[in-house]
Amino acid sequence: MSKDALDGTRGGQDELDTTVELLDLSWLYGIRTLNLSPVDELRRGKFESVQASEIVETAEFFRPFSIILTLGLRVHPGDRQGVAAYVDRLKKAGVAALGFGTGLQHAEIPSTLIEACADAELPLFEVPRATAFALISKVVGEEHARLQAVAANEILEAAEGLNRAAWNGGVDALVGRTRTAVGADVLIGDNTGRVISSAPAKPTERALKALRLAVADNGRSRAYRAENRTMIVQRMRAMGGKYFVAVVDSPHPLPPLARSAVKHFVGLAEIVLRDPLA
C-alpha cells in the first residue's frame, strides 16, 4: 500500500461529520455578563440555537432545540387560555426554553406565563432590558464556534492515528486502532461471510450475525439497534467479483467524532484491502 494513497484520504476531511453538540441551559445561565434569571425549578435542558420572535399564533417557524427570545409584545397576561396555547405550541415544536425580556412591554414576567410554562415543563428565564437579545445570540454562536474548533481538531487527530495504523500495520492494525478510537468492536468480512480482521480477535456472535445478514442482503449498508447496542454495517466498494463489509458494534450511540472516525476507517480499509502489499 502506498503512503501517497493514504495521504490522499486527508483531502476528504471537510466531509467528516462535525455536528455541533447541544449546549446546556445551565451553561447559559452561568454567564454573568448576560444576567439571565431562570424561573422556578426548571433549569436543566439542552439547546442548539437562539431565535428572537414575537410570533404567538404558530410555532411552525421555530427550530427544535431552540431557545425562543421574546419581549411579549403580543402576549396578553389576562388571556390565560391564549398564553397556555402559546406555550403548548412552543413545547410541541420542540423548543428548549423561553427567554422573556422585561423592562419594555412588561415590567416582569406575567404570572400566567410562568404558570403555563410550569404546567408544560418548559424552562423559562428572564432577560433584563440591559441584555440585548443579539448579545445572547453572539455568545451562543461563539461557543458553537469554539466547540467546532475543538471537534475538528479531535477528528483530525483521530484520522491521523488511523492513517498511521494503516500505513504501519495494515488492516489488522487499522481495525484495532478503530476499536480504540470509537470504543466499539470492529470487524471486516468479505462477501462469502469470511472474517478478514476483527477486534477483538474473536468476534462476538452479534457481530458475526450482522455480517451474515449483510452478506445475505448483498452487503447493504445500514445502521440499527440490536440487543441495546448500536450496529453500523458498511459495504465497501467492490473489487473485481468481491466486496467487503465493515461491522461496528457499539455499546452506545456513536457521537459525531466516533461517526467521523468510522467513515475514515472505511475509506482507509478500502485502500488497504485493495493494495495490501504496495
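1. A word on the confidence of the model for the protein
And then number 1: Per-residue confidence for the protein gives a mean pLDDT of 89; residues scoring 70 or more make up 92%.
And then number 2: A low-confidence stretch, residues 1-18 (pLDDT under 50), is modelled with 38 contacts involving residues beyond four sequence positions or located in other chains.

2. A short note on the nonpolar core
And then number 1: The biggest cluster of nonpolar side chains holds 25 residues, and the ones touching the most others in it are Leu174, Val175, Ile188, Met236 and Phe265.
And then number 2: Among the secondary structure elements, those contributing two or more residues to this core are helix 5 (133-182), strand 8 (185-190), strand 12 (244-250) and helix 7 (256-274).
And then number 3: In terms of residues, this core owes the most to one element, helix 7, which gives nine residues.
And then number 4: Not counting residues within four places of it along the chain, the set of residues in contact with valine 175 comprises Val186, Ile188, Ser197, Ser198, Ala199 and Phe265.

3. Some thoughts on the environment of leucine 22
And then number 1: With respect to the secondary-structure elements, leucine 22 resides in the loop between helix 1 (3-8) and strand 1 (23-24).
And then number 2: Relative accessible area serves as the criterion here: at 28%, leucine 22 is assigned to the partly exposed category.
And then number 3: Residues leucine 22 and serine 66 lie 44 residues apart in sequence; the distance between their C-alpha atoms is 10.0 Å.
And then number 4: Not counting residues within four places of it along the chain, the set of residues in contact with leucine 22 comprises Lys46, Phe47, Glu48 and Phe65.

4. Notes on helix 5
And then number 1: Along its 50 residues, helix 5 runs just 39 Å from first to last C-alpha, ending more than 12% under the 74 Å computed at 1.5 Å per residue.
And then number 2: Glycine 183, located one to two residues past helix 5, shows a positive phi value of around 70 degrees.

5. A look at the side chain of aspartate 185
And then number 1: Here aspartate 185 is to be found in strand 8.
And then number 2: Looking at aspartate 185, its side chain comes within polar contact range of the side chain of arginine 179, at 3.3 Å.

6. Considerations on the packing of aromatic side chains
And then number 1: Evaluated as defined, the whole model comprises one aromatic pair.
And then number 2: Between tyrosine 29 and phenylalanine 125 the ring centres are 5.5 Å apart and the planes differ by 65 degrees, which places this aromatic pair in the edge-to-face class. Of this pair, tyrosine 29 sits in helix 2 (residues 25-29) while phenylalanine 125 sits in strand 7 (residues 124-127), and the two are 96 residues apart along the sequence. As far as burial versus exposure is concerned, tyrosine 29 and phenylalanine 125 are alike and both buried.
And then number 3: Taking NZ or CZ as reference, arginine 222 lies 4.1 Å from the ring centre of tyrosine 224, over its face.
And then number 4: The ring of tyrosine 243 has arginine 235 lying over it, and the distance from NZ or CZ to the ring centre is 3.9 Å.

7. A word on the packing of helix 3 (residues 80-92) against helix 4 (residues 111-120)
And then number 1: Viewed as axis vectors pointing N to C, helix 3 and helix 4 meet at an angle of 40 degrees, and their least axial separation amounts to 9 Å. The orientation of helix 3 relative to helix 4 falls into the category oblique. Crossing angle aside, the handedness with which helix 3 passes helix 4 is right-handed. Residues Arg80, Val83, Ala84, Val87 and Lys91 of helix 3 touch helix 4, and the partners they reach there are Thr112, Leu113, Glu115, Ala116, Cys117 and Ala120.
And then number 2: Its residues assigned to classes, the contact of helix 3 with helix 4 shows seven nonpolar, one polar and three charged.

8. A word on the sheet that holds strand 5 (residues 66-70)
And then number 1: Pairing in this open sheet of five strands is mixed, and the strands run 2-7-6-5-4 from one edge to the other. The open sheet is flanked by strand 2 (37-38) and strand 4 (49-52), the only strands paired with a single partner.
And then number 2: With two bridges connecting them, strand 2 and strand 7 associate as antiparallel partners. Following the sheet pairing, serine 37 is matched in strand 7 by glutamate 126.

What counts, and at which threshold
- Residues numbered from 1 in each chain as written.
- Predicted model: local features only at pLDDT ≥ 70, side-chain atom pairs only at ≥ 80, totals over all residues.
- Heavy atoms only, no water.
- pLDDT = per-residue confidence, 0-100.
- Contact = heavy atoms within 4.5 Å.
- Core = buried A, V, L, I, M, F, W, Y, C linked by side-chain atoms within 4.5 Å.
- Buried < 20%, exposed > 50% of the residue type's maximum accessible area, 1.4 Å probe, protein only.
- Helix = DSSP H or I, 4+ residues; strand = E, 2+ residues; numbered from the N terminus.
- Expected span 1.5 Å × (residues − 1).
- Polar contact = N/O pair within 3.5 Å; in protein donor to acceptor, adjacent residues only side chain to side chain.
- Phe/Tyr/Trp six-rings, centres within 6.5 Å; stacked < 30°, edge-to-face > 60°.
- Lys NZ or Arg CZ within 6 Å of the ring centre and 35° of its normal.
- Axes fitted to C-alpha atoms, helices over the stretch in contact; angles between N-to-C directions.
- Parallel < 35°, antiparallel > 145°, perpendicular 65-115°, else oblique.
- Left-handed = near helix turned anticlockwise from the far one by under 90°.
- Nonpolar A, V, L, I, M, F, W, Y, C, P; charged D, E, K, R; others polar.
- Pairing = 2+ DSSP bridges.

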